[in-house]
Amino acid sequence: MNKTINMIKRNTAMLMMAVAVMGGFASCEEHSDEYDSSLKVGNILLSDNSIVSPQGFDKERHKAVGVIFYANRDTALVVSTQELGNYAYADSLGIVGSVDSDSRTLCGAENTAALLVSEIPTPAAEAVASFRSPIVNWVLPSAGELRALSSMLCVVERSMEIVGGEPFADVQYVSSTQDGSTSESEQMYYLSVALRNGFVTSTIKTTPGRVRPVLRIR
């Protein structure tokens, strides 16, 4: 009888030890999440160029400028915490040279550079270029980048809420991508994207849409 009782006690002690060890592992994982500074979707870009997880963000010590919405190896795309308002793709119709027309390409930086040197005034790109932020090099996102943001919007929005970023609007957002389906459409239309569902629409270039800057970091 005593032998049985001792065995039960010993098994109970071993079980409690296993639970304690597992609890220790769990607390370590939580601790590492808090200080996760990797290029991970949902992590936050701070004004000093450092990265912090939502769990590690401190409103008293940190100033957030954006949230990562796409990451691939050592490259990530960040969306700004701020909306810039409504701007047209262009002041008049016409083809802007060197602008990619593929709705899947992640090329906001290249497209924005082309828009800014165009002979046709491009208010949306100019608004992004004049955006005042502790971090520079913000661009007008391509349609592919806005679609990537749309696919991870639920994750990004949780981080935006934590840092106090401006909410995304239920409207079409201006991309830096022209509609290249035909030469006529390339002259008349750009691609706008609804972030809630990723829906891409051909929009007259002089029609204003919502603008939200993005940034590529490495």
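In this section: the overall build of the protein. Within the protein one finds 6 helices and 10 strands. A buried classification covers 44% of the 218 residues belonging to the protein. Across the protein, the fraction of contacts at a sequence separation of at least 24, relative to all contacts at a separation of at least 6, is 66%. Of the roughly 11,700 Å² of accessible surface on the protein, 54% is carried by carbon and sulfur atoms.

The pLDDT averaged across the protein works out to 88; a share of 85% of its residues lies at or above 70. Low pLDDT, under 50, characterises residues 1-32; the stretch is placed with 0 contacts to residues that sit more than four places away or in other chains.

On to the nonpolar core. Counting 26 residues, the largest nonpolar core has Trp138 and Leu140 as its most contacted members. Those elements that place two or more of their residues in this core are β3 (64-72), β4 (75-80), α2 (108-116), α3 (123-129) and β10 (214-217). A total of 3 residues in this core trace back to one element, the largest contributor, which is α3. For leucine 140, the contacting residues outside a window of four places in its chain are Gly108, Thr112, Leu115, Ala124, Ala125, Val128, Val174, Ser175, Ser176 and Val211. Among the nonpolar cores identified, the runner-up in size contains 18 residues, and Val139, Val156, Leu195 and Val214 belong to it.

This paragraph deals with the pairing of β3. Where strand β1 (residues 44-46) lies against β3, 3 bridges are found, and the strand directions are antiparallel. Within the sheet, the bridge partner assigned to isoleucine 44 lies in β3 and is valine 67. Relative to β4, β3 is paired through 6 bridges, and the arrangement is antiparallel. Paired with tyrosine 70 across the two strands is leucine 77, which belongs to β4.

This part takes up the pattern of salt bridges. Within this structure, the stated rule accounts for 8 salt bridges. A salt bridge links glutamate 83 to arginine 210, with the shortest nitrogen-to-oxygen separation between them at 2.6 Å. Highlighted residues: glutamate 83 in the loop between β4 and β5 (85-88) and arginine 210 in strand β9 (residues 208-211), separated in sequence by 127 residues. For the salt bridge of aspartate 170 with arginine 196, the shortest nitrogen-to-oxygen distance reads 2.6 Å. Placement of aspartate 170 in the loop between α5 (153-163) and β6 (172-178) and of arginine 196 in the loop between β7 (189-194) and β8 (199-204) is noted, with a sequence separation of 26 residues between them.

Along the chain, the position of threonine 177 falls in strand β6. Side-chain polar atoms of threonine 177 contact the backbone nitrogen of alanine 143, separated by 2.9 Å. If near-sequence neighbours (up to four positions away) are discounted, threonine 177 is found in contact with Tyr89, Val99, Asp100, Ser101, Asp102, Asn111, Ser142, Ala143, Tyr190 and Leu191.

Let's shift gears to the environment of tyrosine 89. Relative to the elements of secondary structure, tyrosine 89 occurs in the loop between β5 and α2. Its relative accessible area of 1% is what places tyrosine 89 among the buried residues. Through-space distance from the C-alpha of tyrosine 89 to that of serine 175 is 8.0 Å; in sequence the pair is 86 residues apart. A polar side-chain atom of tyrosine 89 sits 3.2 Å from the main-chain carbonyl oxygen of serine 176.

This next bit is on the packing of aromatic side chains. Tallied over the entire structure, the rule returns 2 aromatic pairs. Consider the rings of tyrosine 89 and tyrosine 190, whose centres lie 5.0 Å apart with planes at 10°: the pair is stacked. Placement of tyrosine 89 in the loop between β5 and α2 and of tyrosine 190 in strand β7 is noted, with a sequence separation of 101 residues between them. For tyrosine 190, a relative accessible area of 1% corresponds to the buried category. Ring plane angle 70° and centroid distance 5.9 Å describe the contact between phenylalanine 131 and tryptophan 138, whose orientation is recorded as edge-to-face. One exposure class covers both phenylalanine 131 and tryptophan 138, and it is buried. In this structure, arginine 212 packs its charged tip against the face of phenylalanine 168, placed 4.1 Å from the ring centre.

This part covers the sheet that holds β4. Reading across from one edge, β2-β1-β3-β4-β10 is the order of the 5 strands in this open sheet, with antiparallel pairing throughout. With one partner strand each, in any of the chains shown, β2 (51-52) and β10 form the two edges of the open sheet. Examined bridge by bridge, β4 and β10 share 4 bridges and lie antiparallel to one another. When the bridges of β10 are listed, leucine 77 appears paired with arginine 216.

Calculation notes
Residues numbered from 1 in each chain as written. Predicted model: local features only at pLDDT ≥ 70, side-chain atom pairs only at ≥ 80, totals over all residues. Heavy atoms only, no water. Helix = DSSP H or I, 4+ residues; strand = E, 2+ residues; numbered from the N terminus. Buried < 20%, exposed > 50% of the residue type's maximum accessible area, 1.4 Å probe, protein only. Contact = heavy atoms within 4.5 Å. Areas by Shrake-Rupley, 256 points an atom, 1.4 Å probe, with all protein chains shown as cover. pLDDT = per-residue confidence, 0-100. Core = buried A, V, L, I, M, F, W, Y, C linked by side-chain atoms within 4.5 Å. Pairing = 2+ DSSP bridges. Salt bridge = Lys/Arg side-chain N within 4 Å of Asp/Glu carboxyl O. Polar contact = N/O pair within 3.5 Å; in protein donor to acceptor, adjacent residues only side chain to side chain. Phe/Tyr/Trp six-rings, centres within 6.5 Å; stacked < 30°, edge-to-face > 60°. Lys NZ or Arg CZ within 6 Å of the ring centre and 35° of its normal.

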